[in-house]
Amino acid sequence: MLRNVALMALLGLASTPLLAAECSVDVESTDQMTFNTQAISVSKSCKTFTVNLKHVGSLPKTAMGHNWVLSKTADMPAVATEGIPAGPDASYIKAGDERVIAHTDLIGGGESTSVTFDVSKLAAGEDYSFFCSFPGHYSLMKGSVKLVD
Ligand SMILES: [Cu+2]
């Protein structure tokens, strides 16, 4: 009996962070102009999805700033290029750019930020990407975002 209670408690502890993790992801970015992931799966069962972005490097955001931007893959080059004139204070995102589904602020070494978006903004069968819109970064800093069951 005691053993069962202990086992249940253990299972309860183990399952709580797992469930919580399903609707969020931790992404790290570096001084080497990389993200530590190339693919993010978003479960259809999530109402909202949160991306926690951390810059694990030490370079300032003026030299090696990073953000996390979500758009359709086909829109990525234009969103990144047209975002450059907006500058770092606008996170290199053109004001009112409706192709941007979600984005974080631009951060530098040692900083963290996050963004939460409605999963209903993603359509099944559409091709989405995440990327960094800091000038010149999206050629290396990008990956796929997939809506999954
Ligand atoms: Cu970057």
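Every residue gets a number counted from 1 within its own chain, in the order that chain's sequence is written. With pLDDT at 70 or above as the cut-off, local features in this predicted model cover only qualifying residues; side-chain atom pairs require 80 or more to be listed or tallied, and sums for whole chains, interfaces and linings still use all residues. Side-chain figures throughout are based on the complete set of non-hydrogen atoms in the structure, without hydrogens or water.

A. Broad picture of the overall build of the protein chain. Numbering of helices and strands starts at the N terminus; helices are DSSP runs of H or I of at least 4 residues and strands are runs of E of at least 2. Along the protein chain, the regular secondary structure elements total three helices and eight strands. When the elements of the protein chain are put in sequence order from the N terminus, they spell out α-β-β-β-α-β-α-β-β-β-β. For each residue, the accessible area found with a 1.4 Å probe, counting protein chains only, is set against the maximum for its type, and the residue is called buried under 20%, exposed over 50%, and partly exposed in between. Taken across its 149 residues, the protein chain has 38% of its residues classed as buried. Sequence-distant contacts, at least 24 apart, represent 74% of the contacts inside the protein chain between residues at least 6 apart. Contact criterion: two residues are considered in contact whenever any of their non-hydrogen atoms come within 4.5 Å of each other.

B. Looking closely at helix α3 (residues 76-83). Listed in full, the buried residues belonging to α3 are M76, V79, A80 and G83. The buried residues of α3 occupy an angular sector of 95° when the element is viewed end-on, so they sit on one face. Here the arc refers to the directions that run from the helix axis out to each C-beta atom.

C. The sheet that holds strand β5 (residues 102-103), seen in detail. By this definition, two strands are paired if DSSP reports at least two bridges between them. The five strands lie next to each other as β2-β8-β7-β4-β5, forming an open sheet whose pairing is mixed. The two strands at the open ends of the sheet, each matched to only one other strand, are β2 (39-43) and β5. Where β2 and strand β8 (residues 142-148) come together, five bridges link them in parallel fashion. Opposite I40, over in β8, you have V145 as the bridge partner. Axis geometry follows a simple rule: fit a line to the C-alpha atoms, using only the stretch in contact for helices, then measure angles between N-to-C directions, giving values from 0 to 180 degrees. Across the sheet, α3 lies against β4 (69-72), β7 (128-131) and β8, angled at about 30° from β7, the strand it touches most.

D. Here's a closer look at the coordination of the copper ion. Bound to the copper ion on the protein side are H66 (ND1), C132 (SG) and H137 (ND1), at distances that span 2.1 Å. Water is absent from the atoms considered, so a metal site may look incomplete; donors are defined as N, O and S atoms within 2.8 Å of the metal, or 3.2 Å for Na, K and Ca. Of note, the copper ion draws all its donor residues from one chain, in the sequence arrangement H-x65-C-x4-H. Here C132 lies in the loop between β7 and β8 and H66 lies in the loop between α2 (61-64) and β4, a separation of 66 residues in the sequence. C132 shares its class with H66; the two are buried.

E. Quick peek at the pairing of strand β3 (residues 48-55). The pairing of strand β1 (residues 24-29) with β3 spans six bridges and is classified as parallel. Bridge pairing links V25 to V51 in β3. Bridging between β3 and strand β6 (residues 112-118) involves seven bridges; their strand directions are antiparallel. Of the residues in β6, the one forming a bridge with F49 is F117.

F. A look at the state of the cysteines. Here, a disulfide means two cysteine sulfur atoms that sit within 2.5 Å of each other. Per the stated rule, a full pass over the model turns up one disulfide. Between C23 and C46 runs a disulfide, and the two sulfur atoms are separated by 2.1 Å. Residues C23 and C46 share a disulfide whose torsion about the S-S bond is about -90°; that sign makes it left-handed. Taken together, the positions of C23 in the loop between α1 (2-21) and β1 and C46 in the loop between β2 and β3 put the pair 23 residues apart, joining distant regions of the chain.

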